[in-house]
Structures are given as C-alpha cells and as structure tokens.
Amino acid sequence: MRRAMVVAVILAVSLSAQMPKTMWAWWNNQVVVQKMLNLTPAQIQQIRHVVRQYRPHLIDVRAEVAKSEIDLETQFNHDPVDQTKATQAIERVVAARSDLTRTLSEMSLKMRVLLNEQQWQQLQRLRPTKDPGEQPAELPPQR
Amino acid sequence: MKHWTEKDFTEWMYGLKEEDPHVAGCAECRGELERLKLERGRTIALPEVSHDFLASQRRSIYQRLGKPISNWHPMRWGISVAALVVVILSVTLNTWKSTPAISDEQLFSDLATMEQSNEPKAIAPIHKFFEE
C-alpha cells in the first residue's frame, strides 16, 4: 500500500512538473532587461506588474507546498501509519504542487505574451540549466 | 531628679507626658520646654492674611464664575498630537516588522527548487529503491 502511494505521488508530481522548467528573477537584472532583451520601459513596467500581481499568491503557494510536505513526512514517520491521514497528506502535496505549477505557468504565460519572439528566444537561452532558481553564471548580479 | 531627656521632651510634645515637679524647678529643663512651646506655637499658627487679599480673591472667583469655561490649553493639544504620533509610529513599525521581507530572487529560487524537485522529502528514501 505504501509503495502504491509513493508511486501515485511520483506520477502526480512528474506530470505536474512539466512547465515551467526553470524560474529566476531575470526582470530584476538590468543587464538582462536592458542590454540582452532590450525591453522597452512599457514592457518593464508590465512585467513588473505581472510579478506584483502573482507575488502574494506565490508566497502562499510556497508555504503550502512546504507545509504539506512536512505533513506528509510526519504521516510517513508515524507508527503505525494512518493510511487515511497519509492519503489526505498526499492529496494535499499534490494539490499544492499542482497549484505551484499552475500559478508559475500562468505567470510565465502572461510574461511571454509581453515579449516578442526575439526577446523570448533570448530569454530561453539565458535560462539556467543546473541550479534551479539561479541566474546564469555569466550575468552580473544586479537588481 | 534627673534632667529631661530628648525622649521626655518628645513625649511631652505629643501629649504623652505631663510636666512634673522637676521641670517646674529646673531652669534648664523649663527653658527648653518654653522654647519648644514657642516653636510649636509658631509652627501651627495660621498665617496672617489681610482682609483686602481675601476680598480680592473672592472678587476674582466671582469674576471667573461668570465666564464660560475654557478647555483650551496649548499643552493639551501638544500631548494629544504626541500620543497620536507615538501610536501611529508603533503600529507602522509593528506592521513593518511583522511583514516578512523576501526578495524576488529568494522567492523564485525557492519556487524553482520546489518545482524541480521530483518528489516530496518524505518519499525520497523509498524512491531511491526504484532508482536502484
């Protein structure tokens, strides 16, 4: 039963974690915004508006993912395992992670439509590949 | 008889001791007693207040009774404003302190880490068996 629960969680998480693959605060890097993407002041303003719009919910989602995972860990460490509670904890993790993916994807989509094709391609090239959340190593840390 | 001590004089001052034959016959004790009587009389004597002073005081009171009571006082407003400023500052500072400050970099770094992690921490030990 425990193995089945684990497989269910892995499948759910894998399916929900398709998009976006990486996320970093590129809009705060002046080199990226002005030199590499050549964003107009209007675009910068709109991008920042999108971030401000999603920020509060993302903070909540981050907390919910963390809390649900702690809850799941607690259920796994409980002896004997209460399968009903553990299943509920799994559902909570899946829902939280799903919300995270959905929210990040929606925010990314709103940003994408503000960028032209060239800017989007350029941003794709700047995507960090190894450390999630980290900006590309060649970029100077700016805000 | 012995001369009166300081304790004897104090008790006499508070009415706890009567004058005795020694005081009546001893010039030294009698003198001290008289001095203390004078001192006490001076202390408890009412101050002399002239009739004119009392009359002017009455006139002043009657005059003020006829006027409307004014609550205005510059210090009153000053204290109220200062209290209001303290309340606003404390509320503002409290709100500012209680708001968790998180940068975009930190927030999106955390989110990306969560997004990229393949499984919850709880199942990681069991997930390893599948990899092996």
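Residues numbered from 1 in each chain as written. Chains lettered and ligands numbered in written order. Predicted model: local features only at pLDDT ≥ 70, side-chain atom pairs only at ≥ 80, totals over all residues.

### Concerning the overall build of chain B
Assigned secondary structure in chain B consists of 7 helices and 0 strands. In sequence order, chain B lays out its α and β elements as α-α-α-α-α-α-α. Expressed as a percentage of its 132 residues, the buried residues of chain B come to 8%. (Helix = DSSP H or I, 4+ residues; strand = E, 2+ residues; numbered from the N terminus. Buried ≥ 20, exposed ≤ 12 C-beta atoms within 10 Å, placed from the backbone.)

### A few points about the overall build of chain A
Helix and strand content of chain A: 5 helices and 0 strands. Secondary structure of chain A in N-to-C order comes out as α-α-α-α-α. Here chain A holds 143 residues, and 25% of them are scored as buried. Across chain A, contacts joining residues at least 24 apart in sequence account for 75% of those joining residues at least 6 apart. (Contact = placed C-beta atoms within 7 Å.)

### Remarks on the confidence of the model for chain A
Interpretation of this model should avoid reading the predicted coordinates in detail wherever pLDDT is low. All names here are of chain A. Looking at chain A, the pLDDT average stands at 81 and 73% of residues meet or exceed 70. When the elements of chain A are averaged for pLDDT, helix 1 (residues 2-16) gives the smallest value, 49, and helix 4 (residues 83-112) the largest, 94. Per-residue pLDDT stays below 50 along residues 8-20; that stretch engages in 24 contacts with residues further than four places along the chain or on separate chains. (pLDDT = per-residue confidence, 0-100.)

### Comments concerning the packing of helix 3 (residues 41-77) of chain A against helix 4 of chain A
Residue and element names in this part refer to chain A. Look at helix 3 against helix 4: their axes get within 8 Å of each other, and the N-to-C directions meet at 160 degrees. The angle between the axes of helix 3 and helix 4 places the two elements in the roughly antiparallel class. Crossing hand, helix 3 versus helix 4: left-handed. Split by residue class, the contact of helix 3 with helix 4 holds 16 nonpolar, 4 polar and 8 charged. (Axes fitted to C-alpha atoms, helices over the stretch in contact; angles between N-to-C directions. Parallel < 35°, antiparallel > 145°, perpendicular 65-115°, else oblique. Left-handed = near helix turned anticlockwise from the far one by under 90°. Nonpolar A, V, L, I, M, F, W, Y, C, P; charged D, E, K, R; others polar.)

### Looking at the nonpolar core
Counting 27 residues, the largest nonpolar core has A:Met23, A:Leu72, A:Ile90, A:Val93, A:Leu100 and B:Leu111 as the members making the most contacts within it. At the level of elements, helix 3 and helix 4 of chain A together with helix 6 (104-116) of chain B are the ones that each hand at least two residues to this core. If you tally residues by element for this core, the top one is helix 4 of chain A, at 10 residues. (Core = buried A, V, L, I, M, F, W, Y, C linked by C-beta atoms within 7 Å.)

### As for unusual backbone geometry
Of the consecutive residues A:Asp79 and A:Pro80, the connecting peptide bond is found in the cis state with omega at 0 degrees. Tracing the sequence through the fold places A:Pro80 in the loop between helix 3 and helix 4.

### Some thoughts on the packing of helix 4 of chain A against helix 6 of chain B
Between helix 4 of chain A and helix 6 of chain B, the least distance of the axes is 10 Å, while the angle of their chain directions is 125 degrees. Judged by the inter-axis angle, helix 4 of chain A sits oblique to helix 6 of chain B. When you trace helix 4 of chain A past helix 6 of chain B, the crossing you get is left-handed. Between helix 4 of chain A and helix 6 of chain B, the residues in contact are A:Leu100, A:Thr101 and A:Leu104 and B:Leu111, B:Met114 and B:Glu115, respectively. Classifying every residue of the contact of helix 4 of chain A with helix 6 of chain B gives 4 nonpolar, 1 polar and 1 charged.

### A few points about helix 3 (residues 27-44) of chain B
Between its first and last C-alpha atoms helix 3 of chain B spans 26 Å; for 18 residues at 1.5 Å apiece the expected length is 26 Å, and the two agree. By the criterion of burial, helix 3 of chain B is predominantly exposed, with just 1 of the 18 residues buried. (Expected span 1.5 Å × (residues − 1).)

### As for the environment of A:Ile44
Residue and element names in this part refer to chain A. Inspection of the secondary structure puts Ile-44 in helix 3. With 16 C-beta atoms counted inside 10 Å, the residue Ile-44 sits in the partly exposed group. Considered as a pair, Ile-44 and Leu-115 are 71 residues apart in the sequence and their alpha carbons are 10.0 Å apart. When residues no more than four places from it in sequence are discounted, the contact partners of Ile-44 are Val-33 and Leu-39.

### Concerning the confidence of the model for chain B
Here chain B shows a mean pLDDT of 82. Residues at 70 or above account for 89%. Across the assembled chains, the prediction reports ipTM 0.71 with pTM 0.53.

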